[in-house]
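Observations on the three-dimensional arrangement
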Amino acid sequence: MDVSMTLWVLTVLGLCALIAVDFFIGRKPHDVSIKEAGIWTVVWIALAVLFGVGVTIWGSGQAGGEFFAGFITEKSLSVDNLFVFILIMAKFSVPTHLQQRVLLFGVLIALVLRAIFIAAGAAIISSFSWVFYLFGAFLIYTAWKLIKEAMADEEDEEFEENRLLKSIEKKFGVADRYHGTKLFIQAHGKKVMTPLLVVMLAIGMTDVLFAMDSIPAIFGLTQDPYIVFTANAFALMGLRQLYFLIGGLLRKLVHLSYGLSVILGFIGVKLVLHALHESGVHVPEISIPVSLAVICGVLVLTTITSLIASRKQAEREAAEAERKDSIEA
């Protein structure tokens, strides 16, 4: 897709305007209701769909298909990120009325860092086509790792701060409690960070780790930097509303990791086939419509099997509780 500098500037300005509106609406810290989260989740998805339709009309059907495939993939991988966001919020005991502000700035930090990653990835791909082999192998390895972690079923998982975050805390110091929406305060004659800023940094830095597999994944669907960036932007910007909307439902998506592993493995194979094709080897390439069908199909199937498994587990627990009550009686 041929994108002029003017279109790039207008797109970035448009995204900044949407972020500003989002910030203005949620500028006052408050507990986010299910209704509010639901409305804004629908708004962000509708905006993404409208953008995708625009890409299809003014770009091409191929570009539109790539955007939707990339957006759905990034959105599904972002849902998995929410598990870790919940752990981070619990680790730092973030008050519920401040969680919206944490996610807003955390996602903003993640978006800026991802833009840097995307620019670097696009530059590497344009210069070294063999990098597709590395991306493909990495995604296949990540898929295998996800399956192993899902089978391990670690329920006592906790968030651990990385060394960079710990060094930042040590250098600037951290206040012993939250001070509303303040990021820095004066304590004992020294400016120190509040826990709110620490959590924002934790969210942003953690997302960078997730970008290590999501960025190669979307480059497996399209090599157009414009589509890669916009698909990531729309997937991330609706993430905080999704956090409040399906926070309780996340625990029921017990097969999500399996579904994501299948998607990543599929895209990894697609990348390897593309790399072989670029090297002159006559192998079949997987089209965008097929990719889109596989991604959507896996997500739907994963959701259905997860909800069925969760319901059966709840029924077993209820039956066990009833049996214990009858014995005690």
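What you are looking at is a predicted structure, and each value in this text was computed from that prediction instead of being measured.

Reading guide: rules and limits
Residues numbered from 1 in each chain as written. Predicted model: local features only at pLDDT ≥ 70, side-chain atom pairs only at ≥ 80, totals over all residues. Heavy atoms only, no water. Pairing = 2+ DSSP bridges. Helix = DSSP H or I, 4+ residues; strand = E, 2+ residues; numbered from the N terminus. Buried < 20%, exposed > 50% of the residue type's maximum accessible area, 1.4 Å probe, protein only. Polar contact = N/O pair within 3.5 Å; in protein donor to acceptor, adjacent residues only side chain to side chain. Contact = heavy atoms within 4.5 Å. pLDDT = per-residue confidence, 0-100. Phe/Tyr/Trp six-rings, centres within 6.5 Å; stacked < 30°, edge-to-face > 60°. Lys NZ or Arg CZ within 6 Å of the ring centre and 35° of its normal. Salt bridge = Lys/Arg side-chain N within 4 Å of Asp/Glu carboxyl O. Patch = residues over 30% accessible without salt bridge, like charges linked within 9 Å, V, L, I, M, F, W, Y side chains within 5 Å. Areas by Shrake-Rupley, 256 points an atom, 1.4 Å probe, with all protein chains shown as cover. Expected span 1.5 Å × (residues − 1).

So, the pairing of strand β2 (residues 190-193)
In the sheet, strand β1 (residues 184-187) pairs with β2 via 4 bridges, with the strands oriented antiparallel. The residue bridging A187 from the neighbouring strand is K190, located in β2. Following β1, the chain reverses through 2 residues before pairing antiparallel with β2; H188 in that reversal takes a positive phi of roughly 55°.

Examining the side chain of T194
Residue position: T194 is located in the loop between β2 and α7 (195-219). Residue T194 is classed as buried on the basis of its relative accessible area, which comes to 0%. For T194, the side chain forms a polar contact with the main-chain oxygen of K182, separated by 2.7 Å. Not counting chain neighbours up to four residues away, the residues in contact with T194 comprise V174, A175, H179, K182, L183, F184 and I185.

Focus: the confidence of the model for the protein
Averaged over every residue, the pLDDT of the protein is 82; residues scoring 70 or more account for 93%. Across the protein, the secondary-structure element scoring lowest on mean pLDDT is helix α6 (residues 163-172), at 76, and the one scoring highest is helix α8 (residues 225-237), at 90.

Structural notes on the packing of aromatic side chains
On inspection of all chains with the given rule, the structure shows 10 aromatic pairs. Where F67 meets F68, the ring centres are 5.7 Å apart and the plane angle is 70°; that geometry is what we call edge-to-face. A residue is classified by how much of its surface remains accessible, and F67, at 0% relative accessible area, is buried. When the ring of F67 is compared with that of F234, the centres are 6.2 Å apart and the planes differ by 90°; the resulting orientation is edge-to-face. Here F67 is found in helix α3 (residues 61-91), whereas its partner F234 is found in helix α8, with 167 residues between them in sequence. Its relative accessible area of 5% is what places F234 among the buried residues. Taken together, W8, F51, F67, F68, F71, Y226, F229 and F234 form an aromatic cluster joined through their ring pairs. Lying across the ring of F184, K191 places its NZ or CZ 5.7 Å from the centre.

Focus on the environment of T56
Structurally, T56 is set in helix α2 (residues 34-58). The spacing of T56 and F67 is 11 residues in sequence and 8.9 Å in space, taken between C-alpha atoms. Residues within four places of T56 in sequence aside, it is in contact with G61, G64 and F68.

Some details on unusual backbone geometry
Phi at S93 takes a positive value of approximately 50°, unusual for a residue other than glycine. Mapped onto the elements of the fold, S93 is located in the loop between α3 and α4 (99-127). Given the relative accessible area of 53%, S93 is considered exposed.

Description of the pattern of salt bridges
Under the criterion given, the structure shown has 2 salt bridges. The shortest N-O distance in the salt bridge between R114 and E74 comes to 3.1 Å. Of the two residues, R114 sits in helix α4 while E74 sits in helix α3, which places them 40 residues apart along the sequence. A relative accessible area of 1% means that E74 is categorised as buried. With its nearest N and O atoms 2.6 Å apart, the salt bridge here joins E320 to R323. Remark: R323 and E320 occur in helix α11 (residues 288-328); sequence separation between them is 3 residues, near one turn of the helix.

Looking at a nonpolar patch on the surface
Taken together, the side chains of V112, I116, F117, F138, Y141, W144 and M212 present a nonpolar region at the surface, about 680 Å² in accessible area. Counting residues per element, the ones that place at least two in the nonpolar patch are α4 and α5 (131-152). Along the chain, the position of F117 falls in helix α4. By relative accessible area, F117 is classed as partly exposed at 30%.

As for α2
Helix length check: α2, at 25 residues, gives a terminal C-alpha distance of 36 Å against a target of 36 Å (1.5 Å per residue), a fit within 8%. The set of residues buried in α2 consists of A37, G38, T41, W44, A48, G52, G54 and V55.

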